[in-house]
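# Topology and contacts: notes
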Amino acid sequence: NVSNPRLNSEQEETTIHFSKMLHVNYGLTELHLSKHDMRDFGATQLAESLKDNKTLLYLNLSCNKISEDGAKAFANLLKLNTPLRKLSFCSNRIGNNGLVALSEAVATSNCNLTTLWVNNNGITETGLCALAAALRSNITLTNVYIWGNELKNTACNAFEKLMEGSSPRVLQHNTDVVPYVVDGITYLAETGHYFIFTLRCLKAY
């Protein structure tokens, strides 16, 4: 865990160094690069380096400044079906275009990713509905976290359908939202267990 370093430069040198390391490292399985002031250039460098990495399973890029171009670079990575299992873009700015690209990769070309955090990313119905559609064709992505985005009616309905019935596609304990209905309209609320999950992760760091 090398999150929240005290950096004096805005040139993303540390991200570039980590990218070079990942290109040749064959032992690291988990890497936390939260609060690195990372932008699209650094994220793209990381994604390129991971094309040859066969061991990293969990990459945390939360609380950076990654937008749609950085997310698209990782979408191209996911299309290669690399060993990456968990990927966090929590509290970035990937937006609709970034999530649509990630969703297309997950829907068509990836069967390894199991967990995706995209909460607090300025995403609206377009991106969230694309993710919901991808979850219907992908059977390995089981954990998705979307709270903190613009959860309007169409997106709420899409995720409600994923979570309803006796065999839901998304289980309640594998996400940070829960559907509820008021006057015939579906909404999504944040689930309390997500706070417990986050606290456990922070204590582990």
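Our subject is the structure that appears above.
Quick notes on the rules
Residues numbered from 1 in each chain as written. Predicted model: local features only at pLDDT ≥ 70, side-chain atom pairs only at ≥ 80, totals over all residues. Heavy atoms only, no water. Pairing = 2+ DSSP bridges. Helix = DSSP H or I, 4+ residues; strand = E, 2+ residues; numbered from the N terminus. Buried < 20%, exposed > 50% of the residue type's maximum accessible area, 1.4 Å probe, protein only. Axes fitted to C-alpha atoms, helices over the stretch in contact; angles between N-to-C directions. Parallel < 35°, antiparallel > 145°, perpendicular 65-115°, else oblique. Left-handed = near helix turned anticlockwise from the far one by under 90°. Contact = heavy atoms within 4.5 Å. Nonpolar A, V, L, I, M, F, W, Y, C, P; charged D, E, K, R; others polar.

Once that is clear, we can look at the pairing of strand E7 (residues 185–190). In terms of strand pairing, strand E6 (residues 177–182) meets E7 through six bridges, oriented antiparallel. Bridging across to E7, Val178 finds its partner in Ala189. Counted along the chain from E6 to the antiparallel partner E7, the turn is two residues long, and its residue Asp183 has a positive phi close to 55°.

Among the secondary structure elements, Glu48 is positioned in helix H2 (residues 40–50). The class of Glu48 is partly exposed, set by a relative accessible area of 42%. The sequence separation of Glu48 and Phe74 amounts to 26 residues, and the corresponding C-alpha distance is 8.4 Å.

The N-to-C vectors of helix H5 (residues 125–137) and helix H6 (residues 153–163) enclose an angle of 15°; their axes lie 8 Å apart at closest approach. With respect to H6, the element H5 is oriented roughly parallel. Pair H5 / H6 crosses with left-handed handedness. Counting all contacts with H5, which are made through Glu125, Leu128, Cys129, Leu131, Ala132, Leu135 and Arg136, the residues of H6 involved are Asn153, Thr154, Ala155, Ala158, Phe159, Lys161 and Leu162. Residue classes in the contact of H5 with H6 are distributed as nine nonpolar, two polar and three charged.

By the element assignment, Leu131 lies in helix H5. A relative accessible area of 1% means that Leu131 is categorised as buried. In the structure, Leu131 is positioned 24 residues away from Ala155 in sequence and 9.6 Å away in space, judged by C-alpha atoms. Dropping the residues within four chain positions of it, Leu131 is found in contact with Leu99, Ser103, Leu116, Val118, Leu141, Ile146 and Phe159.

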